[in-house]
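Next come the chains, spelled out residue by residue.
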Amino acid sequence: MLLAAYDWLRAFHILAVIAWMAGLLYLPRLYIYHCAAKPGGELDETLKLQEQRLLKIIMNPAMIVAWLLGLALVWANMERAGGWSVFLDWAWLGKLVLISAMTGLHHVFALRFKRFQAGTNDWSDKRYRMLNEAPFVLAIAIVLIAVVALN
Ligand code: HEM
């Protein structure tokens, strides 16, 4: 059944991934600005609100939808192949490791969100600058695997 909707699932999977990635790339950038804000000041309050909206309204739902549709695609591939064996190759295992890393990064950002909300951030802007590069590096590897190795 899922097989009939395969292209739709894939299209909405890619759209959810785009929304998720937009947040993963922008949230650490807000954290960089936030490091320079005076606690309790106007900029601090504005950034707290922007971070909250980005994480709760865009990133969390987009991550969940990307996962659900991705798992639906996995299910459809199993239906087609008649079992799990199709996933036992290096490209799929590589994608699994990398999407787990992306999900882990999301959770690190969510924990740092709580720190900023509580006014207890103890990481430097330099560390956020480095973290800011990670989602894009992971995305390059995931897209190359998804599009080049798995087609
Ligand atoms: C969140 C967990 C994820 C799961 C379970 C998942 C799973 C899948 C599956 C099963 C497909 C279908 C592959 C095919 O038809 O050949 C797919 C397609 C795709 N995924 Fe994911 N994925 C996930 C996250 C991501 C992420 C984070 C990215 C990019 C940063 C991504 C990029 C893509 C792309 C570009 C395609 C289309 C490939 C094509 O058919 O040309 N996925 N995904």
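Note that this is a predicted model, so its numbers are computed, not measured.

## Structural notes on the overall build of the protein
And then number 1: On a plain count of helices and strands, the protein comes out with four helices and zero strands.
And then number 2: Ordered by position from N to C terminus, the α and β elements of the protein give α-α-α-α.
And then number 3: Overall, the protein is about 60 × 25 × 20 Å in size when its C-alpha atoms are taken along their principal axes.
And then number 4: Every one of the 151 residues in the protein was classed for burial, and the buried ones make up 38%.
And then number 5: Long-range contacts, defined here as pairs at least 24 residues apart, represent 78% of the contacts in the protein between residues at least 6 apart.
And then number 6: For the protein, the computed accessible surface area is about 9,100 Å², with 70% contributed by carbon and sulfur atoms.
And then number 7: Counting 14 positive and 10 negative side-chain charges, the protein places the centres of these two groups 3 Å from one another.

## Regarding the site of the ligand
And then number 1: Near the ligand lie 18 residues; those nearest to it are Y6, R10, H13, K95 and N151.
And then number 2: Residue K95 places a side-chain N or O atom 2.6 Å away from a nitrogen atom belonging to the ligand.
And then number 3: Its atoms largely coinciding with the cavity grid, the ligand occupies the largest pocket.
And then number 4: Taken together, the elements giving at least two residues each to the shell around the ligand come down to helix 1 (6-35), helix 2 (42-81), helix 3 (90-118) and helix 4 (125-149).
And then number 5: Here the shell around the ligand takes six residues from helix 1, the largest share from any one element.
And then number 6: Broken down by class, the residue content of the shell around the ligand amounts to 13 nonpolar, three polar and two charged.

## A look at the packing of helix 1 against helix 3
And then number 1: Interhelical geometry of helix 1 versus helix 3 gives an angle of 40° and a closest axis separation of 11 Å. Accordingly, the angle class assigned to the pair helix 1 and helix 3 is oblique. Here helix 1 and helix 3 pass one another in a crossing that is left-handed. Facing helix 1, whose interface residues are H13, W20, M21, L24, L27, P28, Y31, H34 and C35, helix 3 presents K95, M102, T103, H106, F109, R112, F113 and F116.
And then number 2: Residue composition of the contact of helix 1 with helix 3, by class: 11 nonpolar, four polar and two charged.

## Some points on a nonpolar patch on the surface
And then number 1: A contiguous nonpolar surface patch, about 640 Å² in accessible area, is contributed by L25, F136, I140, V143, L144, V147 and V148.
And then number 2: With six residues, the top contributor of residues to the nonpolar patch is helix 4.
And then number 3: When you line up the elements, L25 lands in helix 1.

Cut-offs applied
Residues numbered from 1 in each chain as written. Predicted model: local features only at pLDDT ≥ 70, side-chain atom pairs only at ≥ 80, totals over all residues. Heavy atoms only, no water. Helix = DSSP H or I, 4+ residues; strand = E, 2+ residues; numbered from the N terminus. Buried < 20%, exposed > 50% of the residue type's maximum accessible area, 1.4 Å probe, protein only. Contact = heavy atoms within 4.5 Å. Areas by Shrake-Rupley, 256 points an atom, 1.4 Å probe, with all protein chains shown as cover. Lys, Arg positive; Asp, Glu negative; His and termini not counted. Charge placed at Lys NZ, Arg CZ, Asp CG, Glu CD. Near = heavy atom within 4 Å. Polar contact = N/O pair within 3.5 Å; in protein donor to acceptor, adjacent residues only side chain to side chain. 1 Å grid on protein atoms, 1.4 Å probe; cavity = no way out; pocket = protein on both sides within 12 Å on 5 of 7 lines; lining within 4 Å. Sits in = over half its atoms within 2 Å of the grid points. Nonpolar A, V, L, I, M, F, W, Y, C, P; charged D, E, K, R; others polar. Axes fitted to C-alpha atoms, helices over the stretch in contact; angles between N-to-C directions. Parallel < 35°, antiparallel > 145°, perpendicular 65-115°, else oblique. Left-handed = near helix turned anticlockwise from the far one by under 90°. Patch = residues over 30% accessible without salt bridge, like charges linked within 9 Å, V, L, I, M, F, W, Y side chains within 5 Å. Salt bridge = Lys/Arg side-chain N within 4 Å of Asp/Glu carboxyl O.

It is worth stressing that arrangement in space is one thing and function is another; only the former is reported here.
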